[in-house]
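Working through the structure, step by step
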Amino acid sequence: MRRRYLVCYDIRDSKRLRATHRVMVGHGDPLQYSVFLCDLSGMERTQLTSRLKKVVNEAVDSVAIFDLGPTGSSGPARRIETIGSTKPMPISGEPTII
């Protein structure tokens, strides 16, 4: 079962910031510069966490992962409200292969 996650990060070093962004692009859709929406299986969630831990400095950087619930066309995408210029919310529960 896939679940939807909102991942936000604050990385203090530009090299680690770029590396973190590369990890995230492989796992989700960017909503803003440091905010991603990810539809992940349990194994993919574990892989994402593992990859992030390899690039961030846990003493000064911060990554927040919010579980928004099961994926699907109703529910989780509607829990996010945006104001201003935004990209369309991905509503499919299908994985994105990059």
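Rules and cut-offs
- Residues numbered from 1 in each chain as written.
- Predicted model: local features only at pLDDT ≥ 70, side-chain atom pairs only at ≥ 80, totals over all residues.
- Heavy atoms only, no water.
- Helix = DSSP H or I, 4+ residues; strand = E, 2+ residues; numbered from the N terminus.
- Buried < 20%, exposed > 50% of the residue type's maximum accessible area, 1.4 Å probe, protein only.
- Contact = heavy atoms within 4.5 Å.
- Core = buried A, V, L, I, M, F, W, Y, C linked by side-chain atoms within 4.5 Å.
- Phe/Tyr/Trp six-rings, centres within 6.5 Å; stacked < 30°, edge-to-face > 60°.
- Lys NZ or Arg CZ within 6 Å of the ring centre and 35° of its normal.

**Concerning the environment of R51**
- Tracing the chain through its elements places R51 in helix α2 (residues 42-55).
- Among the residues examined, R51 registers a relative accessible area of 38% and is labelled partly exposed.
- R51 sits 31 residues away from T20 along the chain, and the two C-alpha atoms are 8.7 Å apart.
- In this view, R51 contacts V23 and H27; residues no more than four positions away in its chain are not counted.

**Focus on the nonpolar core**
- With twelve residues, the main nonpolar core is built from Y5, V7, Y9, I11, V23, M24, F36, C38, L40, L48, L52 and V56.
- Elements with a minimum of two residues in this core: β1 (3-10), α1 (14-25), β3 (35-40) and α2.
- Judged by nonpolar contacts, the second largest core, of five residues, contains L31, V35, L37 and L68.

**What to know about the packing of aromatic side chains**
- According to the stated counting rule, one finds one aromatic pair in the structure shown.
- Between Y9 and F36, the aromatic rings sit 6.2 Å apart at their centres with planes inclined by 20 degrees, giving stacked as the arrangement. Residue Y9 is found in strand β1, and its partner F36 is found in strand β3; the two are separated by 27 residues along the sequence.
- Positioned above the aromatic ring of Y5 is the side chain of R45, whose terminal nitrogen or guanidinium carbon lies 5.3 Å from the ring centre.

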